[in-house]
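# A structural walkthrough
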Amino acid sequence: MKYMMFVCTDSEPDTDPTDAPDIDKWVAENDARGRRLAGDQLAPTTAATTVRVRDGELLVSEGPFAETTEVIVGFDLLDCADLDEAIEVARAHPMARHGRLELRPFADLSD
């Protein structure tokens, strides 16, 4: 099952620095096991552009959709057997301690 894992900042990170995971090891391990299909960091929110169409008119604005201190800073596309495996993969990611990770399965549009 494929999951999009959004990597986000958090205003209340973990303050315990012991055994903090290494991102390079996390990437290498999950790439080697075929659980991480893609992933990357995103440019800062100052580089974001929001696009909408309302009443046929194109509305383009600089910046992210929502004004918030917690922002999406990256993503990973995961291929896991189930949600439990995806949670274990996310648990070992460094941002599970320093930020937050949102796991979202891809919709099944076959119906």
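Above this text you will find the structure in question.
Below, the structure is looked at part by part. (Residues numbered from 1 in each chain as written. Predicted model: local features only at pLDDT ≥ 70, side-chain atom pairs only at ≥ 80, totals over all residues. Heavy atoms only, no water.)

### Here we look at the environment of E70
Selection criterion: To qualify as a helix, a DSSP run of H or I must reach at least 4 residues; to qualify as a strand, a run of E must reach at least 2; elements of each kind are numbered from the N terminus. Any residue under 20% of the maximum accessible area for its type is buried, any over 50% is exposed, and the rest in between are partly exposed; the area is computed with a 1.4 Å probe on protein chains only. Any two residues having at least one pair of non-hydrogen atoms within 4.5 Å are treated as being in contact. The definition of a polar contact used here is a pair of N or O atoms within 3.5 Å, where within protein one atom must be able to donate a hydrogen and the other to accept one, and adjacent residues in sequence count solely through side-chain atom pairs.
Within the fold, E70 resides in the loop between strand 4 (57-62) and strand 5 (72-79). Given a relative accessible area of 27%, E70 falls into the partly exposed group. Put simply, E70 and R100 are 30 residues apart on the chain and 9.2 Å apart in space, counted from C-alpha to C-alpha. Leaving out residues up to four positions away in the same chain, E70 has contacts with T9, D10, S11 and R100. Here S11 takes part through its side chain, which lies 3.1 Å from a polar atom of the side chain of E70. Among the polar contacts made by the side chain of E70, one reaches the side chain of R100 at a distance of 3.5 Å.

### Regarding unusual backbone geometry
It is generally the case that most residues other than glycine have a negative phi and that most peptide bonds are trans. Even without being glycine, D55 reaches a positive phi, approximately 50°. Structurally, D55 can be placed in the loop between strand 3 (49-54) and strand 4. By relative accessible area, D55 is classed as exposed at 87%.

### Here we look at a nonpolar patch on the surface
We count it as follows: Candidates for patches are residues over 30% relative accessible area with no salt bridge; among them, like charges are joined within 9 Å and nonpolar side chains (Val, Leu, Ile, Met, Phe, Trp, Tyr) within 5 Å. Areas reported here follow the Shrake-Rupley algorithm with a probe of radius 1.4 Å; residue values treat only the protein chains shown as occluding. The term salt bridge refers to a side-chain nitrogen of Lys or Arg lying within 4 Å of a carboxyl oxygen of Asp or Glu.
A surface patch of nonpolar side chains, amounting to about 390 Å² of accessible area, comprises V51, V53, L58 and V60. Mapped by element, the contributors of at least two residues to the nonpolar patch are strand 3 and strand 4. Relative to the elements of secondary structure, V60 occurs in strand 4.

### Some points on the pairing of strand 1 (residues 2-9)
To keep it simple, the criterion reads: Should DSSP find at least two bridges between two strands, the strands are regarded as paired.
In the sheet, strand 1 pairs with strand 5 via seven bridges, with the strands oriented antiparallel. Bridge pairing links M4 to L77 in strand 5. Examined bridge by bridge, strand 1 and strand 6 (residues 99-105) share seven bridges and lie antiparallel to one another. Within strand 6, the position partnered with V7 by the bridge is L101.

### Focus: the sheet that holds strand 2 (residues 36-41)
The strands making up a sheet are joined through hydrogen bonds of the backbone, oriented either antiparallel or parallel. To keep it simple, the criterion reads: Note on geometry: axes are lines fitted to C-alpha atoms, helical ones only across the stretch in contact, with angles between N-to-C directions running from 0 to 180 degrees.
Read from one edge to the other, the open sheet built from four strands follows the order 2-5-1-6, with strand pairing classed as antiparallel. Edge positions in the sheet fall to strand 2 and strand 6, since each of these pairs with one other strand and no more. Shown here is a sheet whose adjacent strand axes are inclined to one another by a mean of 15°, direction ignored. Sheet strands touched by helix 1 (residues 23-32): strand 1, strand 2 and strand 5. Its angle to strand 2, the strand with the most contacts, is close to 155°. Contacts from helix 2 (residues 83-91) reach strand 1, strand 5 and strand 6 within the one sheet, and its direction differs from that of strand 6 by about 155°.

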